[in-house]
Amino acid sequence: TEIYTLSLHDALPISRGRITLHYQASVTPSSEPRVRGPSYDLRGSAGGFGGAFFSFLLLPAAPSAEYDFKLHWNLSSLPSGARGTSSRGEGDVQAILPSDDVSTIFLLGGRMGAYSPKNNLFHAYWVGTPPFDALGSAEWSARSFTMLCNVFHESNPTSFYLLMRPSRLVRDGGAATRGGFMLEYGLGYLSAAQRNFMFTHEMAHHFLGQIGDGASSAWYGEGLAEFYKVRVPLRFGIADLDTVVAEIRTMTNAYYTSAFVGLPYEQIATQRWTDRSPQAIPYNRRFMYLANLKAVIL
């Protein structure tokens, strides 16, 4: 397996002048085992690589409020036709950004497929060959994103970037960041509808912000995203009632048959990355609460 490296530099102003730091971050082959946790680490496969800045980017211990941020791609060591994109847009990026916005940027580089029409806020890029219709799923997700903008009354909506990289795992999974989502696709065990609902869930986070980010309070934001992932496609007619009912049935079956159905959130927070079984409890429990609340109000 060929390992690619990404050269980075950051200028750190100190009292004695400017220091420029250069270093290389190794790209782990996707076939290597990983520790349990979100899909943020820098990994490579199929002639490309992807990851989140905060998994390898060095920042000052006491960061300033904003950075004069510049991202420049040099992909000369990758196969011909390679290009780079991030959750800040395709190609080079220059912007004034808060430190948190810098560290949470996702990257994807290599020869990739893309759905990125002009004058569209939704963009999708993928390396490798997903075992599903990536273009069709991207087109559906673009419609869903537009509908989410309407639901949340976004007067000045910002772009969303769906990035996809291969994974050695059977199941599909991923991790969200500000303005984007990195999908690790496995063997494609999800149905097309399940995958589309997952993408809508992640796009809902784009509008919900940092609600319930803490480990013990993740149920709040995750439950809201679960609620909107089925409600919005049904409301605007891009998912029919039978498809939505099937998704809700999967959620309710997983919740009420789980051995962890009565586990308090605080205990789930300590076990979420040591045992996969309790991970879905906060999502499904909050969804049940919100669905019931909506029924009571109406």
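**Student:** Is there a simple way to explain the sheet that holds strand S14 (residues 173–177) in this structure?
**Tutor:** Strands pair in a sheet through their backbones, by hydrogen bonds, and they do so in one of two ways: parallel or antiparallel. Taken in spatial order, the five strands make up an open sheet running S11-S12-S13-S15-S14, and their pairing is mixed. The open sheet has two edge strands, strand S11 (112–115) and S14, and neither has a second partner. Strand-to-strand twist of the sheet, defined as the mean angle between neighbouring strand axes without regard to direction, takes the value 15 degrees. Judged from the six bridges that link them, strand S13 (residues 160–166) and strand S15 (residues 180–185) form a sheet pairing that is parallel. In the strand pairing of S15, Pro166 is matched with Tyr185. Contacts between helix H2 (residues 134–151) and the sheet are confined to S11, strand S12 (122–127) and S13, with S12 contributing the most and set at about 155 degrees to the helix. The strands touched by helix H3 (residues 192–208) within the sheet are S12, S13, S14 and S15, with S13 carrying the most contacts at an inclination of about 135 degrees.

**Student:** Got a minute to help me understand the packing of H3 against helix H5 (residues 241–256) in this structure?
**Tutor:** The relative placement of two packed helices is expressed as an angle between their axes plus a distance between the axes. Their axes nearest at 11 Å, the elements H3 and H5 cross at an angle of 75 degrees. Classed by the angle they form, the pair H3 and H5 counts as roughly perpendicular. The residues of H5 that touch H3, namely those facing Ala193, Gln194 and Phe197, are Thr243, Val244, Glu247 and Thr250. Among the residues forming the contact of H3 with H5, the class breakdown is three nonpolar, three polar and one charged.

**Student:** What should I look at first to understand a nonpolar patch on the surface in this one?
**Tutor:** A surface patch of nonpolar side chains, about 460 Å² in accessible area, is lined by Tyr289, Leu293, Ile297 and Leu298. Looking at where Tyr289 falls in the secondary structure, it is placed in helix H7 (residues 281–297). For Tyr289, a relative accessible area of 44% translates into the label partly exposed.

**Student:** Looking at this structure, I do not really get the pairing of S11. What am I missing?
**Tutor:** Remember that side chains alternate between the two faces of the sheet whenever the strand is regular. Pairing of S11 with S12 involves four bridges; the strand directions are antiparallel. Counted as the bridge partner of Ala114 is Tyr125 from S12.

**Student:** Just checking my understanding: could you explain the nonpolar core for this structure?
**Tutor:** Across soluble globular proteins, you tend to see nonpolar side chains buried next to one another. Grouped together as the largest cluster of nonpolar side chains are 27 residues, with contacts concentrated most on Phe122, Leu162, Met164 and Leu183. Of all the elements in the fold, those that place two or more residues in this core are S12, H2, S13, S15 and H3. Among the elements that take part in this core, H2 stands out by supplying nine residues, more than any other. Each residue touching Leu183, except ones within four places of it in the same chain, is listed here: Phe132, Leu163, Met164, Arg165, Asp172, Gly173, Gly174, Met198 and Phe199.

**Student:** What is the right way to look at the environment of Asp41 in this model?
**Tutor:** Residue placement: Asp41 occurs in the loop between strand S3 (28–29) and strand S4 (43–45). Among the residues examined, Asp41 registers a relative accessible area of 22% and is labelled partly exposed. With near-sequence residues (within four places) excluded, Asp41 lies in contact with Arg34, Gly50, Gly51, Ser55 and Arg165. A distance of 2.5 Å separates the side chain of Asp41 from the side chain of Arg43, its partner in a polar contact.

**Student:** Please clarify how empty space enclosed by the protein should be interpreted in this entry.
**Tutor:** Take a probe with the size of a water molecule and roll it over the atoms, and the empty space left behind shows itself. Applying the stated criterion across every chain, the model contains one cavity of 30 Å³ or more. In this structure, the largest cavity occupies an estimated 40 Å³ of space. In terms of lining, the largest cavity is formed by Ser30, Glu32, Arg34, Arg43, Pro166, Ser167, Arg168 and Glu184.

**Student:** Would you mind going over the pairing of S14 with me for this structure?
**Tutor:** Residues of S14 alternate between two faces, with Gly173, Ala175 and Thr177 buried on one and Gly174 and Ala176 left unburied on the opposite face. Relative to S15, S14 is paired through five bridges, and the arrangement is antiparallel. Along S15, the bridge assignment pairs Gly174 with Leu183. Between S14 and the antiparallel strand that follows it, S15, lie two residues; Gly179 among them carries a positive phi value of about 80 degrees.

**Student:** Which parts of the structure should I look at to understand the packing of aromatic side chains?
**Tutor:** Working definition: an aromatic ring pair is given by the centre-to-centre distance plus the angle between the planes. In total, this model carries 17 aromatic pairs according to the counting rule given. Within the aromatic cluster, the residues linked to one another by ring pairs are Tyr115, Phe122, Phe145, Phe152, Phe160, Phe207, Phe227, Tyr228 and Phe287. Seen from the ring of Phe132, Arg195 lies directly overhead, with NZ or CZ sitting 3.8 Å from the centre.

**Student:** Which parts of the structure should I look at to understand H3?
**Tutor:** Residue pairs spaced three or four apart in an α-helix point in one direction, given the helix's 3.6 residues per turn. Taking 1.5 Å of rise per residue, 17 residues should cover 24 Å, and H3 covers 25 Å from first to last C-alpha, within 8% of that figure. Of all 17 residues in H3, 13 are buried, a share of seventy percent or more. Just past H3, the residue Gly209 takes up positive phi, approximately 70 degrees.

**Student:** When you look at the sheet that holds strand S5 (residues 48–52) in this model, what are you seeing that I'm missing?
**Tutor:** Within the open sheet, the six strands sit side by side as S3-S4-S5-S10-S7-S8. Their pairing is mixed. In this open sheet, the two edge strands, each paired with only one partner strand, are S3 and strand S8 (89–90). Alignment of strand S7 (residues 83–86) against strand S10 (residues 106–110), held across four bridges, turns out to be antiparallel. Each bridged residue has a counterpart across the sheet, and for Thr85 the counterpart in S10 is Leu108.

About the criteria used
- Residues numbered from 1 in each chain as written.
- Predicted model: local features only at pLDDT ≥ 70, side-chain atom pairs only at ≥ 80, totals over all residues.
- Heavy atoms only, no water.
- Pairing = 2+ DSSP bridges.
- Helix = DSSP H or I, 4+ residues; strand = E, 2+ residues; numbered from the N terminus.
- Axes fitted to C-alpha atoms, helices over the stretch in contact; angles between N-to-C directions.
- Contact = heavy atoms within 4.5 Å.
- Parallel < 35°, antiparallel > 145°, perpendicular 65-115°, else oblique.
- Nonpolar A, V, L, I, M, F, W, Y, C, P; charged D, E, K, R; others polar.
- Patch = residues over 30% accessible without salt bridge, like charges linked within 9 Å, V, L, I, M, F, W, Y side chains within 5 Å.
- Areas by Shrake-Rupley, 256 points an atom, 1.4 Å probe, with all protein chains shown as cover.
- Salt bridge = Lys/Arg side-chain N within 4 Å of Asp/Glu carboxyl O.
- Buried < 20%, exposed > 50% of the residue type's maximum accessible area, 1.4 Å probe, protein only.
- Core = buried A, V, L, I, M, F, W, Y, C linked by side-chain atoms within 4.5 Å.
- Polar contact = N/O pair within 3.5 Å; in protein donor to acceptor, adjacent residues only side chain to side chain.
- 1 Å grid on protein atoms, 1.4 Å probe; cavity = no way out; pocket = protein on both sides within 12 Å on 5 of 7 lines; lining within 4 Å.
- Points joined across faces, edges and corners; volume = space filled by probe spheres on them.
- Phe/Tyr/Trp six-rings, centres within 6.5 Å; stacked < 30°, edge-to-face > 60°.
- Lys NZ or Arg CZ within 6 Å of the ring centre and 35° of its normal.
- Expected span 1.5 Å × (residues − 1).

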